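The residues making up each chain are set out below.
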Amino acid sequence: MREVSRERRRVLKLALGVLFLLPAAGRTMAPERLSESEPAARALGYRHDADEVDVTRFPKRAGPEGATQLCANCRFLEGGPGKDWRPCSIFGGRLVHARGWCNSWLPFE
Ligand code: SF4
């Protein structure tokens, strides 16, 4: 009987430990912001501020029509609207700025 009680206490402690650690694990798994200097970001001309895109290298964003292209209205942006930093499926869920842009931009269908 005493052995069962000891085992129960051990299992309860273990369960409480897991419950305590889960929120911390969730925090460490939060997506990181995409860096403009990463090779993939550089290859696609990603900038946090779309006004800083080199339009000579990425003419897709040139002119009045190009100026309307932002991460905020790109089909690859995920997450709820209203946040400045949101996941982008092109960059594996890393966070991009709503006012950013890259050469993979496509409008919503
Ligand atoms: S794919 Fe779209 S949402 Fe992602 S970085 Fe490029 S423009 Fe922004």
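Because the structure is a prediction, the values reported are computed rather than measured. Counting of residues starts from 1 at the beginning of each chain's written sequence and follows it residue by residue. In keeping with the predicted nature of the model, local features appear solely for residues at pLDDT of at least 70, side-chain atom pairs appear and are counted solely at 80 or more, and the whole-chain, interface and lining totals rest on all residues. Excluded from the side-chain calculation are hydrogens and water; included are all heavy atoms of the structure.

**Quick word on the overall build of the protein chain**
Then, in step 1: Summing up its helical and strand segments, the protein chain has three helices and two strands in all.
Then, in step 2: Helix and strand assignments come from DSSP, with helices taken as H or I runs of at least 4 residues and strands as E runs of at least 2, each series counted from the N terminus. Walking the protein chain from its N terminus toward its C terminus, one meets helices and strands in the order α-α-α-β-β.
Then, in step 3: Burial classes follow relative accessibility: with a 1.4 Å probe on protein chains only, a residue under 20% of its type's maximum area counts as buried, one over 50% as exposed, and anything between as partly exposed. By the burial criterion, 26% of the 109 residues in the protein chain qualify as buried.
Then, in step 4: Note on contacts: a residue pair is in contact if any heavy atoms of the two residues lie within 4.5 Å. Taking the intrachain contacts of the protein chain between residues at least 6 apart in sequence as the baseline, contacts between residues at least 24 apart amount to 57%.

**Remarks on the packing of aromatic side chains**
Then, in step 1: Here the aromatic set is Phe, Tyr and Trp, taking the six-membered ring for Trp, and pairing holds for ring centres within 6.5 Å; pairs whose planes are under 30 degrees apart are stacked, those over 60 apart are edge-to-face, and all others are tilted. All chains considered together, the criterion is met by two aromatic pairs.
Then, in step 2: Judged by centre distance (6.1 Å) and plane angle (65°), the rings of Tyr-46 and Phe-91 are edge-to-face. Here the residue Tyr-46 occupies a position in the loop between α2 (39-43) and α3 (63-66), and Phe-91 occupies one in the loop between β1 (85-87) and β2 (95-97), the gap between them amounting to 45 residues. An identical accessibility class is assigned to Tyr-46 and Phe-91; each is buried.
Then, in step 3: Relative to Trp-101, the ring of Phe-58 has its centre 6.2 Å away and its plane inclined at 65°; by these criteria the two rings are edge-to-face. Of this pair, Phe-58 sits in the loop between α2 and α3 while Trp-101 sits in the segment after β2; the two residues are 43 residues apart in sequence, bridging distant segments of the chain. Both residues of the pair, Phe-58 and Trp-101, belong to the buried class.

**Observations concerning the environment of Asp-84**
Then, in step 1: Within the secondary structure, Asp-84 sits in the loop between α3 and β1.
Then, in step 2: Asp-84 has contacts with Val-96, His-97 and Ala-98, leaving out every residue within four places of it along the chain.

**Looking at the site of the ligand**
Then, in step 1: Any residue with a heavy atom positioned within 4 Å of a molecule or strand is treated as near that molecule or strand. Around the ligand, the neighbouring residues are Tyr-46, Cys-71, Cys-74, Phe-76, Leu-77, Cys-88, Ile-90, Phe-91, Val-96, Cys-102, Ser-104 and Trp-105.
Then, in step 2: Only Asp, Glu, Lys and Arg are considered charged, only Ala, Val, Leu, Ile, Met, Phe, Trp, Tyr, Cys and Pro nonpolar, and every remaining residue, Gly among them, polar. Considering only residue class, the shell around the ligand consists of 11 nonpolar, one polar and no charged.

**A few points about the nonpolar core**
Then, in step 1: Grouping buried Ala, Val, Leu, Ile, Met, Phe, Trp, Tyr and Cys residues that are joined through side-chain atoms within 4.5 Å yields what is termed a nonpolar core. Among the nonpolar cores identified, the biggest contains 17 residues, and Leu-34, Tyr-46, Cys-71, Cys-88, Phe-91, Val-96 and Trp-101 are the most heavily contacted of them.
Then, in step 2: With sequence-adjacent residues up to four places away left out, Phe-91 is seen in contact with Leu-34, Ala-40, Ala-41, Leu-44, Tyr-46, Val-96 and Cys-102.

**Topic: the confidence of the model for the protein chain**
Then, in step 1: The quantity called pLDDT is the predictor's confidence in a given residue, expressed from 0 to 100. Across the protein chain, pLDDT averages 85, with 74% of residues at or above 70.
Then, in step 2: Confidence over residues 14-23 falls short of pLDDT 50; this stretch has zero contacts with residues more than four positions distant or in other chains.

**Quick word on the environment of His-48**
Then, in step 1: Mapped onto the elements of the fold, His-48 is located in the loop between α2 and α3.
Then, in step 2: Judged by relative accessible area, His-48 falls into the partly exposed class, the value being 25%.
Then, in step 3: Remark: the alpha-carbon pair of His-48 and Val-96, spanning 48 residues in sequence, is separated by 6.8 Å.
Then, in step 4: Among all residues touching His-48, those that are not within four sequence positions of it are Leu-34, Glu-36, Trp-85, His-97, Arg-99 and Gly-100.

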